[in-house]
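Read off the chains here:
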Amino acid sequence: MGSEALRILIVDDHEDTAEMLSMLLTGKGHDTQVALDGTAALVAAAAFQPHLGLLDLSLPGMSGYELAKRLRAMPGLARIRLVALTGHGSEGHRMRARSAGFNDHMLKPVNLEAVEAVLASVRQAIGEST
């Protein structure tokens, strides 16, 4: 996929955090959609068909864990790369995230180098599947 834009869904109930991450990724040439809760994320994902989801785990109404399971069950999204964004880094939290369908786990505040590594990995996976 090279330097082509990825479609990235950012879900965080802290609007400033979500918008900042969106601006950074958009500035790097990616297409982003921001949702502030799980219900809005499901609606956005159905239309947007993201390659990557960056999901806060502590969302109002529907947890990031539940959202990950629902995203994986949506048509066309079985292969979406999901990254849990959280303030909790214990092995128990990581295991729970993996069980819910997350591929990766990142501690907040998000390290941009770690995000870049995930983006490169997603690009590679897309390139291999085409």
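Our structure is the block above this text.
Residues numbered from 1 in each chain as written. Predicted model: local features only at pLDDT ≥ 70, side-chain atom pairs only at ≥ 80, totals over all residues. Heavy atoms only, no water.

Trainee: Can you walk me through the packing of helix α2 (residues 38-48) against helix α3 (residues 64-73) in this structure?
Mentor: Between α2 and α3, whose axes approach to 10 Å, the crossing angle comes to 20 degrees. Accordingly, the angle class assigned to the pair α2 and α3 is roughly parallel. Read as a crossing pair, α2 and α3 show a hand that is right-handed. Only L67, R70 and L71 of α3 make contact with α2, whose side of the interface consists of G38, A41, L42 and A45. (Axes fitted to C-alpha atoms, helices over the stretch in contact; angles between N-to-C directions. Helix = DSSP H or I, 4+ residues; strand = E, 2+ residues; numbered from the N terminus. Parallel < 35°, antiparallel > 145°, perpendicular 65-115°, else oblique. Left-handed = near helix turned anticlockwise from the far one by under 90°. Contact = heavy atoms within 4.5 Å.)

Trainee: Quick question: what am I supposed to make of the nonpolar core here?
Mentor: In summary, soluble globular proteins display a tendency toward joint burial of nonpolar side chains. By size, the foremost hydrophobic cluster in this structure holds 23 residues, and its most contacted members are V11, L55, L67, L71, L82 and F102. Breaking this core down by element, the ones donating at least two residues are β1 (7-11), α2, α3, β4 (81-86) and α4 (91-100). (Core = buried A, V, L, I, M, F, W, Y, C linked by side-chain atoms within 4.5 Å. Buried < 20%, exposed > 50% of the residue type's maximum accessible area, 1.4 Å probe, protein only.)

Trainee: Please clarify how helix α1 (residues 15-27) should be interpreted in this entry.
Mentor: Each α-helix turn comprises 3.6 residues. Residues three or four places apart therefore point the same way. For α1, spanning 13 residues, the distance from its first C-alpha to its last is 18 Å, which sits close to the expected 18 Å at 1.5 Å a residue. Looking only at α1, the buried set comprises A18, L21, S22 and L25. The arc enclosing the buried residues of α1, seen along the axis, measures out at 105 degrees, which places them on a common side. What points out from α1, more than 90 degrees from its buried face, is the exposed set D16, M23 and G27. Positive phi shows up at G29, right after α1, with a value of about 95 degrees. (Expected span 1.5 Å × (residues − 1). Arc of directions from axis to C-beta.)

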